[in-house]
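# Summary of the model geometry
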Amino acid sequence: LLLNGNYIRSQTIPSYSFKTASEAFKELGYIRGGYGQRIPGNITSGINPNRTINGKKSPHRGYDIGANMGTPVRNCNMAGVAVLAGYLNDTGNYVIIKYENGTYARFMHLKDSTSHLQGKTILPNQVFANVGSTGYSTGSHLHADFWNKNMELINVETFAKGIK
């Protein structure tokens, strides 16, 4: 379901606050100032139900974090399993990690193939990929979105609370 376009489009888009989302990403270590300095960037695009691309409505259901091509991407401080990994035209190279608490994180536009990760345990703080610009992407960045155990979209603040 996490890759089914119609299912994803039918999901209610959660609200978020740029300030609290930035703090949650820092707490998780995905952006500048966080534990381990995982991604030296900031949120460049957040959840936006009204986003349009080329005049067509195209809601953004996750977060983009600007970073240089090849920047290592580390896991947060909870182990998980890469339940899906591979390549799709829109997501590019992607990986979906299911965490011990039942939540999921999906990372997209990764530089290199991720198919070797499927079924593998991703340890806390482990580098599992590099920032890229694959799929429908206008430049190097990390796209991340988050799901609860019921496979409903959640914001990063809710995800971070479950990782503590």
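Analysis parameters
- Residues numbered from 1 in each chain as written.
- Predicted model: local features only at pLDDT ≥ 70, side-chain atom pairs only at ≥ 80, totals over all residues.
- Heavy atoms only, no water.
- Phe/Tyr/Trp six-rings, centres within 6.5 Å; stacked < 30°, edge-to-face > 60°.
- Helix = DSSP H or I, 4+ residues; strand = E, 2+ residues; numbered from the N terminus.
- Buried < 20%, exposed > 50% of the residue type's maximum accessible area, 1.4 Å probe, protein only.
- Core = buried A, V, L, I, M, F, W, Y, C linked by side-chain atoms within 4.5 Å.
- Salt bridge = Lys/Arg side-chain N within 4 Å of Asp/Glu carboxyl O.
- Pairing = 2+ DSSP bridges.
- Axes fitted to C-alpha atoms, helices over the stretch in contact; angles between N-to-C directions.
- Left-handed = near helix turned anticlockwise from the far one by under 90°.
- Contact = heavy atoms within 4.5 Å.

## Overview of the packing of aromatic side chains
With the rule as written, the count across this model stands at four aromatic pairs. Centre to centre, the rings of tyrosine 63 and phenylalanine 146 are 6.2 Å apart; their planes meet at 50°, and the pair counts as tilted. Remark: phenylalanine 146 occurs in strand β11 (residues 141-147) and tyrosine 63 occurs in strand β4 (residues 63-66); sequence separation between them is 83 residues. For the residue pair tyrosine 63 and phenylalanine 146, the accessibility class agrees, reading buried in each case. In textbook terms, an aromatic cluster arises when at least three aromatic residues are bridged by ring pairs, as seen for Tyr63, Tyr99, Phe146 and Phe159.

## Some details on the nonpolar core
Grouped together as the largest cluster of nonpolar side chains are 33 residues, with contacts concentrated most on Val95, Tyr99, Phe107, Phe128 and Phe146. Looking at this core, the elements that each hand over two or more residues are α2 (18-28), β4, β6 (80-88), β7 (92-99), β8 (104-110), β10 (127-130), β11 and α3 (156-163). If you look at the next biggest cluster of nonpolar residues, it comprises seven residues, including Tyr94, Met108, Trp147 and Leu153.

## Points about the pattern of salt bridges
As enumerated under the stated definition, the model contains one salt bridge in all. One salt bridge connects aspartate 145 with arginine 106, and the closest N-O pair in it is separated by 2.7 Å. On the criterion of sequence distance, the pair formed by aspartate 145 in strand β11 and arginine 106 in strand β8 is long-range, its members being 39 residues apart. Judged by its relative accessible area of 1%, aspartate 145 is buried.

## Considering the pairing of β7
Most of β7 is tucked away, with seven of its eight residues classed as buried. Of the pairings in the sheet, the one linking β6 to β7 comprises eight bridges and is antiparallel in character. Considered in β7, the bridge of leucine 84 is made with isoleucine 96. The loop that links β6 with its antiparallel partner β7 comprises three residues. With five bridges joining them, β7 and β8 adopt antiparallel strand pairing. Pairing of lysine 98 across the sheet is with tyrosine 104, part of β8. Here β7 folds back onto β8, and the loop between the two strands holds four residues, one of which, glycine 102, carries a positive phi near 95°.

## Notes on the packing of α2 against α3
α3 packs onto α2 with a crossing angle of 35° between their chain directions and a minimal axis gap of 8 Å. As for the relative orientation of α2 and α3, their crossing is left-handed in sense. Residues Thr20, Ala21, Ala24, Phe25, Glu27 and Leu28 of α2 form the contact with α3, whose participating residues are Val156, Glu157, Phe159, Ala160 and Ile163.

## Topic: unusual backbone geometry
In the Ramachandran plot, asparagine 125 falls in the positive-phi region, its phi being about 65° despite a non-glycine side chain. On the secondary structure map, asparagine 125 appears in the loop between β9 (121-122) and β10.

## A word on the pairing of β4
Side-chain alternation along β4 places Tyr63 and Ile65 on one buried face and Asp64 and Gly66 on a second face that is also buried. One ladder, built from two bridges, connects strand β1 (residues 43-45) with β4; its direction is antiparallel. Residue serine 45 lies in a different strand from β4, and its bridge partner there is aspartate 64.

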